[in-house]
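# Analysis of the macromolecular model
Spelled out from the first residue to the last, the chains are:
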There are 2 protein chains.
Amino acid sequence: MGEQIVIIGGGFGGLYAAKRLKHAPVDVTLIDRRNHHLFQPLLYQTATGALSPADIATPLRRLLKDQRNVRVLLGEVVDFDVANKQVILRDGAVGYDKLVVAAGSGKNYFGNDQWMANAPGLKTVEDATEIRRRILTAFEAAERTTDPGKVRTWLTFVVIGGGPTGVEMAGALAEIAHETLQNEFRNINPSDARIVLVQSGERILPTYAPELSARATAALERLGVEVLTGLRVTDVGDRGVTVSSRAGETYLPSRTVLWTAGVQASPLGQALAAATSAEVDRGGRVIVEPDLSVPGHPDIFVIGDLAHFAHQTGEPLPGVAQVAIQQGRYVAQLIARRRAGKRVSPFFYRDRGNMATIGRGKAVAEIGRLRLSGWLAWQIWAVVHLMYQMDVENRMLVFIQWIWNYLTRKRSALLITDRDQKATNPQAQASLNLITNSGVFLRVSDVREKKSS
Amino acid sequence: MGEQIVIIGGGFGGLYAAKRLKHAPVDVTLIDRRNHHLFQPLLYQTATGALSPADIATPLRRLLKDQRNVRVLLGEVVDFDVANKQVILRDGAVGYDKLVVAAGSGKNYFGNDQWMANAPGLKTVEDATEIRRRILTAFEAAERTTDPGKVRTWLTFVVIGGGPTGVEMAGALAEIAHETLQNEFRNINPSDARIVLVQSGERILPTYAPELSARATAALERLGVEVLTGLRVTDVGDRGVTVSSRAGETYLPSRTVLWTAGVQASPLGQALAAATSAEVDRGGRVIVEPDLSVPGHPDIFVIGDLAHFAHQTGEPLPGVAQVAIQQGRYVAQLIARRRAGKRVSPFFYRDRGNMATIGRGKAVAEIGRLRLSGWLAWQIWAVVHLMYQMDVENRMLVFIQWIWNYLTRKRSALLITDRDQKATNPQAQASLNLITNSGVFLRVSDVREKKSS
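The next point concerns the overall build of chain A. Regarding its fold elements, chain A presents 14 helices and 25 strands. Against the compact-globule benchmark of 22 Å for 453 residues, chain A has a radius of gyration of 23 Å, which places it among compact chains. Seen along its three principal axes, the alpha-carbon backbone of chain A occupies a region of about 85 × 55 × 45 Å. Per-residue burial over chain A gives 54% buried out of 453 residues. Taking the intrachain contacts of chain A between residues at least 6 apart in sequence as the baseline, contacts between residues at least 24 apart amount to 62%.

Here we take up helix α5 (residues 125–144) of chain A. End to end, α5 of chain A covers 29 Å across 20 residues, agreeing with the expected 28 Å (1.5 Å per residue, within 8%). Counting buried residues in α5 of chain A gives 20 out of 20 residues, a clear majority hidden from the surface.

Residues and elements named next belong to chain A. When the terminal C-alpha atoms of helix α10 (residues 321–339) are compared, their 27 Å separation across 19 residues agrees well with the 27 Å that a helix rising 1.5 Å per residue should span. Where α10 is concerned, the buried positions are V323, A324, I325, Q326, Q327, G328, Y330, V331, A332, L334 and I335. Positive phi shows up at G341, right after α10, with a value of about 75 degrees.

Attention now goes to the packing of helix α1 (residues 12–20) of chain A against α10 of chain A. Residue and element names in this part refer to chain A. Following both chains from N to C, one finds α1 and α10 inclined at 35 degrees, their axes separated by 7 Å at the closest point. Viewed along their axes, α1 and α10 form a crossing whose handedness is right-handed. Residue-level contacts link F12, G13, G14, Y16, A17 and R20 of α1 to A321, A324, I325, Q327, G328, R329, V331, A332 and Q333 of α10. Grouping the constituent residues of the contact of α1 with α10 by class yields eight nonpolar, five polar and two charged.

All names here are of chain A. Spatially, the three strands line up as an open sheet ordered β14-β15-β16, and their pairing is antiparallel. The open sheet is flanked by β14 (232–236) and β16 (248–253), the only strands paired with a single partner. Here the strands of the sheet are splayed against their neighbours by 25 degrees on average, with no regard to which way each runs.

Further remarks concern the sheet that holds strand β16 (residues 248–253) of chain B. All names here are of chain B. Taken together, the three strands give an open sheet; going across it, the order is β14-β15-β16, and neighbouring strands pair in antiparallel fashion. Edge positions in the open sheet fall to β14 (232–236) and β16, since each of these has one partner strand only. In this sheet, neighbouring strand axes are inclined to one another by 25 degrees on average, regardless of whether the strands run parallel or antiparallel. For strand β15 (residues 240–245) and β16, the ladder comprises six bridges, and the chain directions are antiparallel. Bridge assignment links V241 to a residue of β16, and that residue is L252.

Along its sequence, chain A is organised into domain 1 (3–33 + 75–108 + 263–339) and domain 2 (113–261 + 353–408). The distance between the C-alpha centroids of domain 1 of chain A and domain 2 of chain A comes to 32 Å.

Residues and elements named next belong to chain A. Confidence in the prediction of chain A, expressed as mean pLDDT, is 90, and 92% of residues score 70 or more. Confidence drops under a pLDDT of 50 for residues 420–453, and excluding neighbours within four residues, the segment shows 61 contacts in the predicted structure. Overall fold confidence (pTM) sits at 0.90, and the ipTM for the predicted complex is 0.88.

About the criteria used
- As a convention, each chain's residues are numbered from 1 in the sequence order in which they are written.
- The lettering of chains begins at A and the numbering of ligands begins at 1, in the order of writing.
- Local features are withheld for residues below a pLDDT of 70 in this predicted model, meaning they are given only at 70 or higher, and side-chain atom pairs are given and counted only at 80 or more; totals for whole chains, interfaces and linings count all residues.
- Helix numbers and strand numbers start at the N terminus; a helix is a DSSP run of H or I with at least 4 residues, a strand a run of E with at least 2.
- Only the C-alpha atoms count toward the radius of gyration. The rule for a globule is 2.2 Å times the residue count to the power 0.38.
- Labels follow a simple rule on C-beta atoms placed from the backbone: if 20 or more others lie within 10 Å of a residue's own, it is buried; if 12 or fewer, it is exposed; otherwise it is partly exposed.
- Contacts here follow a simple rule: the backbone-placed C-beta atoms of the two residues must lie within 7 Å.
- The span one expects for a helix is its residue count, reduced by one, times 1.5 Å.
- Inter-axis angles, ranging from 0 to 180 degrees, are taken between N-to-C directions of lines fitted to C-alpha atoms, where helices are fitted over the stretch in contact.
- The sense of a crossing depends on the near helix, which, turned anticlockwise from the far helix by less than a right angle, makes the crossing left-handed and, turned clockwise, makes it right-handed.
- Note that Gly is not counted as nonpolar here; it falls among the polar residues with everything else outside the nonpolar set of Ala, Val, Leu, Ile, Met, Phe, Trp, Tyr, Cys and Pro and the charged set of Asp, Glu, Lys and Arg.
- Any two strands between which DSSP finds at least two bridges are classified as paired.
- Those domain boundaries reflect an automatic or database domain assignment.
- The pLDDT value expresses, per residue, how confident the predictor is, ranging between 0 and 100.

Structure representation (structure tokens):
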């Protein structure tokens, strides 16, 4: 019986760790709350109807079916029993010899969780279909509203956060309004939509070179996006967002607000810290040793978004897929090499570059000292994001849909599906609740007037 | 200003009626609760993870964007004001000169609506993702259960209803168990799944020739499906189904029951009947005149699943896409011809044949006097179902995925997504509620035992 390796989380970190352990004489248990690995970098494309959920999500069991030393467990980890070397699930426990915690991160509203209902974030497949529903329902509501002020509020979309996800969402929203939905409505012109990107810092994409921030801003503005920087969000309500700058407060009336501003490590970071006396940073990330282990616990590793690793530059590594993948592989190799009695050098991150798309044929990329923008950057972005898709079928489906969407300016998955999937209730029709509950009325008199005009 | 034509429902009947009115000097308003046309004949493939929802659903606005005399209204019709020629929506009203009611049908539990929660039916995209979730969660729960009796109950799937949908669901379930999920689990063998098709009549596919019923039964049995006929369902609980025959009652323990047994016309049929003094049949369908109009109301037409049209054979036409399409086109032509002062002959249904798939490379088809089964029937089925896809992109995506699934025996969309899409709640993890609530426990002792074995 081999050593028991338990990996928590089937994201990039956990999945690459499991795969790299393929030939090690160990037994791996991969635990996730979800049955699928989600290709997060393309999630904004599902939220904006360009791809279906299944195009970017693959069952973990399928990805690992041929690896006989891995079993996948669908379950929720709630705590750690370090003394007895056990992971506590909501409904049971699993023992480990070595533990890899790759539980990732969620949204961070910086203490204002009440904003969540009016400004959903983008982390899961359900987040994406909910955001898609809100975007499409806003256009439907605008079409049915006769009050010009209300139409304007329905057609205003505010994206909070100027990082890659915010930029990608704002660019995609602009394309939906100006291209995808053209000619589909009779009372409104989707091009009248106002898309606002709100960034608290002085420039969007702050981790990129200033030159690329400027080019991204220019590209977004050409697409019709208003890029507002130096604005702090002070309130999010169901009819709009309040932002403040040194010049004072401004209210942006909007029915569709999207939150991409903050990331908070999984609560499992806190639980692990409590169990091991490790320290967490402000974002809830566990501060790890140079070999990614938890101080004083050489058998417990934390990787990916949940890890605070600052040994290389003094700054913690960013929460991106590349870091998680390299850390997952490193920990797997460390486990295998230590078993073989070999020494292992500290983790070293090789930055392969950063990329963000802005829209059709537009992206920015930093690869080493190279700074690219426009068509070439977009091509590289597309190739890289296809390459990293683990599932061949998904790679094929994404590729075909990209080409199709590129040529036709269409989006293939613009469905409004119910928020509450009242699957068993034939009278269910929650898709319209948002409209009905919000007091959008097409009065009999309106109809009669129109008819006689 | 042209004549106002209001069409209720964007299914096959309503959509084909709207499209056929393209060159008529009329203004068309198409009202639907959903923003998409659903290609119902392939819905079972979404319920069984072979296709994504967006592959079989296309926004109505996109399908009708180039037809300038049509506007699409997302809204719910609740009643009719025939005296004032108005359709009453939940939040307004729309006037009409001519009205086409194509509101379709829902599930029918024959007075036992309490069975709904334990035996969902298949009518909407949400139904399909919910059924997919239940099927996949059952295998996950079986993997985590140690009690052999409970494993068996989780691995038993009961499909109620032996019509085309029931046959297709049972066949697809068998393929999932015996092919798709092979090697994905460690504690269970998905092939151990028991799939039961329960039919009340003496044979499945009762509207087909007896010879084809027999071939379908044989094909299902080769796939490992138990075909039980002459059994009436007397109870559906959360742990199983009670069926009775002349020999007595039998209890089938199962955690996953699917309902395809009955169809009930939309409640709008009753509402229309009350408003027009028309008659409805036992299934809630409105009995129409030879020209599909409501008796005494030459300006109101009922088509598709909601219409009871029995003038041709004495028997009402079946609720299939072909009938709805032909009726939609007929009514559109009637409206256009009457405006031009021309006479119109009664509706005449041309039966182009019936087909049902059983599985990979297996189908039965009746085309005129021709009775086909096996590979050729399946090829014809596939071509016909691709041809009738209205959206070119969907046709392409379905085609590619069919070829891929055929070659690899995979299914591309095996996702468990949350039933309650708690998009804004980071702690949401409803996907496991079914397991947790049902008392499936992996006890610490179980794990320890396994570990030391």
